[in-house]
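Read off the chains here:
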Amino acid sequence: MSGMTQPGKSRPAIELADYQRLSEFRYLIRRFLEFSQLQAEDAGLTPRQHQALLAIKGYPGGGSVTVGDLAERLRIRHHSAVELINRLSDAGLVVRDQDKDDHRRVLLRLTERADDCLAELSAAHLDELSRIEPMLRRLLDQGRE
């Protein structure tokens, strides 16, 4: 396991409360991801398709998104991103545009249908996030004490 402390090297003491905080944090993440998966499926999307739409719409700086950008944001391989975009395009959710300045680059944008679907999903997700926010804040504040 890379990143783990090597035998014989010192590491900070970890208290039971630290393990409990980490466990609770992971539980809240899993709960949110489960909620997200069910919402996406109810909207007729796979969770990965929902994540892709959100990554395109919410790209930092609001700039154009390329296939490579999407692959990075979703932490998937380039060819997997291409396959995902093909499915989104076939479903009428994403359009590919050729970059006017660099014809080798393909830029992605959401269709109106995708925008509408994502707006509904995002409203539900923000509502759920507001429900778990107090628990997350409490966990994060415990780490500062």
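For the protein chain, an unreviewed UniProt entry supplies the name MarR family transcriptional regulator and the organism Mesorhizobium jarvisii.

### Focus on the sheet that holds strand β3 (residues 106-110)
Neighbouring strands of a sheet are bound in pairs by backbone hydrogen bonds; such pairs are parallel or else antiparallel. As summarised here, the arrangement of the 3 strands in space is β1-β3-β2, forming an open sheet in which the pairing is antiparallel. What marks the edges here is a single partner per strand, and that holds for β1 (65-66) and β2 (94-98). Across 5 bridges, β2 lies against β3 in antiparallel orientation. Within the sheet, the bridge partner assigned to V94 lies in β3 and is L110. Against the sheet, helix α4 (residues 78-90) contacts β2 and β3, and its axis sits at roughly 115° relative to β2.

### Some details on the layout of surface pockets
The calculated volume of the largest pocket comes to roughly 220 Å³. Surrounding the largest pocket, F32, L33, S36, Q37, P47, H50, Q51, L54, S122, H125, L126 and L129 form its lining. Looking at the lining of the largest pocket, the elements with two or more residues in it are α1 (16-42), α2 (47-57) and α5 (112-142). Residue composition of the lining of the largest pocket, grouped by class: 6 nonpolar, 6 polar and no charged.

### Considering α5
Three- or four-residue spacings in an α-helix give side chains the same orientation, since the helix completes a turn every 3.6 residues. Here α5 is 31 residues long and its end C-alpha atoms lie 43 Å apart, about the 45 Å a rise of 1.5 Å per residue gives. A bend of about 45° at I132 is the largest found in α5, and the proline P134 appears one to four places after it. What α5 keeps buried is the set A114, C117, L118, L121, H125, E128, I132 and L139. Where α5 is buried, its residues contact α1, α2 and β3.

### Some remarks on unusual backbone geometry
Look at R75: it is not a glycine, yet its phi comes out positive at around 60°. Structurally, R75 can be placed in the loop between α3 (67-74) and α4. Judged by its relative accessible area of 64%, R75 is exposed.

### Things to note about a nonpolar patch on the surface
Together, I14, L16 and Y19 give the surface a local cluster of nonpolar side chains, amounting to about 330 Å² of exposed area. Looking at the secondary structure, you find I14 in the segment before α1. Given the relative accessible area of 44%, I14 is considered partly exposed.

### As for the pattern of salt bridges
This structure, assessed with the given rule, holds 9 salt bridges. D97 serves as the salt-bridge partner of R109, at 2.5 Å between the closest nitrogen and oxygen. Here the residue R109 occupies a position in strand β3, and D97 occupies one in strand β2, the gap between them amounting to 12 residues. You can call D97 partly exposed: its relative accessible area is 27%. Note that D127 is salt-bridged to R131, the shortest N-O span being 2.8 Å. In this pair, D127 and R131 both sit in helix α5, 4 residues apart, roughly one turn of the helix. Ionic contacts of the salt-bridge type, sharing partners, join the residues D127, E128 and R131 into one network.

Calculation criteria
Residues numbered from 1 in each chain as written. Predicted model: local features only at pLDDT ≥ 70, side-chain atom pairs only at ≥ 80, totals over all residues. Heavy atoms only, no water. Pairing = 2+ DSSP bridges. Helix = DSSP H or I, 4+ residues; strand = E, 2+ residues; numbered from the N terminus. Contact = heavy atoms within 4.5 Å. Axes fitted to C-alpha atoms, helices over the stretch in contact; angles between N-to-C directions. 1 Å grid on protein atoms, 1.4 Å probe; cavity = no way out; pocket = protein on both sides within 12 Å on 5 of 7 lines; lining within 4 Å. Points joined across faces, edges and corners; volume = space filled by probe spheres on them. Nonpolar A, V, L, I, M, F, W, Y, C, P; charged D, E, K, R; others polar. Expected span 1.5 Å × (residues − 1). Bend = angle between axes of the 7 residues up to and from the residue. Buried < 20%, exposed > 50% of the residue type's maximum accessible area, 1.4 Å probe, protein only. Patch = residues over 30% accessible without salt bridge, like charges linked within 9 Å, V, L, I, M, F, W, Y side chains within 5 Å. Areas by Shrake-Rupley, 256 points an atom, 1.4 Å probe, with all protein chains shown as cover. Salt bridge = Lys/Arg side-chain N within 4 Å of Asp/Glu carboxyl O.

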